[in-house]
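Residue-level structure breakdown
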Amino acid sequence: MKSGKHRVSLLILLCLMVVGLAGCHNKAYSQSIEKGLNAVAENKYQKALTYFDNALAQKPKDEKAQAYRDQTQAYLTTTSELKAGKVKTALTTVNKGVKITNGATSLTNKLKQLKVTVTSDYQEYQQLSDDVKAQLKVKNGNYSADVLKRCAAINWDKKPYLKPLKAKVKQLLTAAKKAKTNMKVSAAEAKRAAALRRKIAAAKNKWNMAALDDVPDWFILALFADDSDVDDAAEELDDEYADQADDNDDYSDRDEQTTDSNDDTNDTDADSADDDWE
C-alpha cells in the first residue's frame, strides 16, 4: 500500500512540475510578445525582433509569434534596402510584408505606411532615371532646365535610394556645364541668385564673387531648392565647379575686406530675396 501511495505521490508531483514548467513557458512567451509589441510602438524594430525570437524559443511552432517576427524582419529589411539604394527590391519586400497573415495590427499599419513611402521613393527614382536617360541623349546642348535643377538639388544623404543614379546625374551635370548652357531665368530668380551669390561669398569658404559669377543662375538657385544651408551649397559647388574656384583663389585683400564690410547688407539682401521668391 505504501509503495502504491508513494508512486501516486510521485506522479502527482511530476504532473505539478510539468504544469509549472508549462506555466513558466507561457509567462515567458506572453512577456516576450508584449515587450516586442511595445518595442514596435517605439520604432525599435531590432529590439522587437529579439523579443519575438524569444517568444518563438518558448513556442517554436507558434503562428502568431512567427508572423510578428516575419513582419518585423520585413520592415527592417525594407529600410536596409532603401539605404543601400535598392529601391525596387525594397518595394517587393514591403509588399510581401503587408500580405503576412496572423500578424499584429500595429505592424501591419507600420508596413502599410512604409509601403507608401517606398512607393513614392520608387516613383521618384524611376522618373529621375527616365529623365536623366533622355537628357543624356541630347546632342545640341539644349538640356531641360527643370531636370538639371532637380539633379543639382539632390541631397544624396537624405535620398540614398537615388544613389544608383548618382553617376549618371553627375555625368549629365558635367555635360551641361561643359556645354555652357545659358539657362534663362526670370527677373525675380536672377535677383535671388545674385543675393545668394553674395551670401555664399560672405561665408568662410573658398568661393568669392569672381568664381561665383561663372556659375549659372539656375545652378545657384538649385543649391538652395531643398533648404540647404550655405555650407551645403559650398560643398555642392566644390563637387561641380571646383576648377572655377581654383582659378579665382588669388583674389585681393581688398575684395576680402569689401566682402566682410558688406556681410550684414548681404544677409539682408539674401533674406529679402528669399521673401520675394516665396
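Everything below is about the structure printed above this text.
A quick note: this is a predicted structure, and the numbers were derived from the prediction, not measured.

1. Details of the overall build of the chain
In terms of regular secondary structure, the chain is built from 13 helices and zero strands. Along the chain, from the amino end to the carboxyl end, the secondary structure elements read α-α-α-α-α-α-α-α-α-α-α-α-α. Within the span of the chain, comprising 278 residues, buried residues form 37% of the whole. Looking at the chain alone, contacts between residues at least 24 apart form 67% of all its contacts between residues at least 6 apart.

2. Details of helix H3 (residues 63-83)
An ideal rise of 1.5 Å per residue puts 30 Å on 21 residues; H3 measures up with 30 Å between its terminal C-alpha atoms. All of the buried residues along H3 are Ala65, Ala67, Tyr68, Gln71, Thr72, Ala74, Tyr75, Leu76, Thr78, Glu81 and Leu82. You can read the cap of H3 off the contacts: a side-chain oxygen lies 3.4 Å from the backbone nitrogen of lysine 64, and it is on aspartate 62. In the stretch just after H3, glycine 85 is the one whose phi turns positive, near 85°.

3. As for the environment of asparagine 102
With respect to the helices, strands and loops of the structure, asparagine 102 is situated in the loop between helix H4 (87-98) and helix H5 (105-135). Residues asparagine 102 and glutamate 63, 39 residues apart in the sequence, show an inter-C-alpha distance of 7.2 Å. Leave out the neighbours within four places in its chain, and asparagine 102 touches Glu63, Lys64, Ala67 and Tyr68.

4. What about unusual backbone geometry?
Backbone geometry at asparagine 43 places phi at a positive 65°, although glycine is not the residue there. Here asparagine 43 is to be found in the loop between helix H1 (2-41) and helix H2 (45-58). The phi angle at asparagine 102 is positive, at roughly 65°, despite the residue not being glycine.

5. Structural notes on the nonpolar core
Within soluble globular proteins, side chains that are nonpolar generally end up buried alongside one another. Ranked by internal contacts, the top residues of the largest apolar core, which has 63 residues, are Val169, Ile200, Trp207 and Leu237. Residue contributions to this core peak at seven residues, all from H5.

6. So, the side chain of glutamate 81
Mapping glutamate 81 onto the fold places it in helix H3. Despite being buried, glutamate 81 has no salt bridge partner; lysine 86 is the closest side chain of opposite charge, sitting 6.6 Å away. Setting aside chain neighbours within four positions, we find glutamate 81 in contact with Lys86, Val87, Thr89, Ala90 and Thr93.

7. Looking at the packing of H4 against H5
Their axes nearest at 9 Å, the elements H4 and H5 cross at an angle of 155°. Between H4 and H5, the angle falls in the class roughly antiparallel. Where H4 crosses over H5, the handedness of that crossing is left-handed. Of the residues in H5, those touching H4 at Val87, Lys88, Ala90, Leu91, Val94, Asn95, Gly97 and Val98 are Leu111, Lys112, Leu114, Lys115, Val118, Thr119, Asp121, Tyr122 and Tyr125. Looking at the contact of H4 with H5 residue by residue, the classes come out as 10 nonpolar, three polar and four charged.

8. Quick word on the pattern of salt bridges
Inspection of the entire model under this criterion finds eight salt bridges. Across the salt bridge formed by glutamate 42 and lysine 44, the nearest N and O atoms sit 3.4 Å from each other. Note that aspartate 146 is salt-bridged to arginine 150, the shortest N-O span being 3.3 Å. Taken together, the residues span about one helical turn, with aspartate 146 and arginine 150 both in helix H6 (residues 145-152) at a distance of four residues. Its relative accessible area of 47% is what places aspartate 146 among the partly exposed residues. Salt bridges sharing partners connect three or more residues here, namely Asp131, Asp146 and Arg150.

9. Re the packing of aromatic side chains
For any pair of aromatic rings, the description rests on two quantities: the centre-to-centre distance and the angle between the ring planes. Under the criterion given, the structure shown has three aromatic pairs. Taking 4.0 Å as the distance between ring centres and 20° as the angle between the ring planes, the aromatic pair formed by tyrosine 45 and tyrosine 75 counts as stacked. With a gap of 30 residues between them, tyrosine 45 in helix H2 and tyrosine 75 in helix H3 connect regions that are remote in the sequence. Residue classification places tyrosine 45 among the buried residues on the basis of a relative accessible area of 7%. You can call tyrosine 75 buried: its relative accessible area is 16%. Looking at lysine 59, its charged tip hangs above the ring of tyrosine 29, at a distance of 4.3 Å from the centre.

Analysis parameters
Position labels on residues start from 1 in each chain and follow its written sequence. Side-chain atom pairs in this predicted model are given and counted only at pLDDT of 80 or more, local residue features only at pLDDT of at least 70, and totals for whole chains, interfaces and linings cover all residues. For side-chain calculations, the full set of non-hydrogen atoms in the structure is used, while hydrogens and water are omitted. Strands are runs of DSSP state E lasting at least two residues, helices are runs of H or I lasting at least four, and both sets are numbered from the N terminus onward. Buried residues are those whose accessible area, probed at 1.4 Å on protein chains only, stays under 20% of the maximum for their type, while exposed residues exceed 50% and partly exposed ones sit between those limits. The contact rule is simple, with two residues in contact once any of their heavy atoms fall within 4.5 Å. Multiplying one less than the number of residues by 1.5 Å gives the expected span of a helix. Two N or O atoms form a polar contact when they lie within 3.5 Å of each other; inside protein one atom must be a possible hydrogen donor and the other a possible acceptor, and for residues adjacent in sequence the pair counts only when both atoms belong to side chains. We call a set of buried residues a nonpolar core when its members are Ala, Val, Leu, Ile, Met, Phe, Trp, Tyr or Cys and they connect through side-chain atoms within 4.5 Å of each other. Working convention for charge: Lys and Arg count positive, Asp and Glu count negative, and His plus the chain ends are omitted. When a carboxyl oxygen of Asp or Glu lies within 4 Å of a side-chain nitrogen of Lys or Arg, that pair is called a salt bridge. A fitted line through C-alpha atoms serves as each axis, taken over the contacting stretch for helices, and the angle formed by two N-to-C directions is quoted from 0 to 180°. Relative orientations are named as follows: roughly parallel for angles under 35 degrees, roughly antiparallel for angles over 145 degrees, roughly perpendicular for angles from 65 to 115 degrees, and oblique for any other angle. We call a crossing left-handed when the near helix sits turned anticlockwise from the far one by less than a right angle, and right-handed when that turn is clockwise. Under the grouping applied here, Gly and all other residues not named as nonpolar or charged are polar, the nonpolar ones being Ala, Val, Leu, Ile, Met, Phe, Trp, Tyr, Cys and Pro and the charged ones Asp, Glu, Lys and Arg. By convention, a stacked pair of Phe, Tyr or Trp rings (six-membered ring in the case of Trp) has centres within 6.5 Å and planes under 30 degrees apart, an edge-to-face pair has planes over 60 apart, and any other such pair is tilted. Any Lys NZ or Arg CZ found within 6 Å of a ring centre and within 35 degrees of that ring's normal is scored as a charge over the ring.

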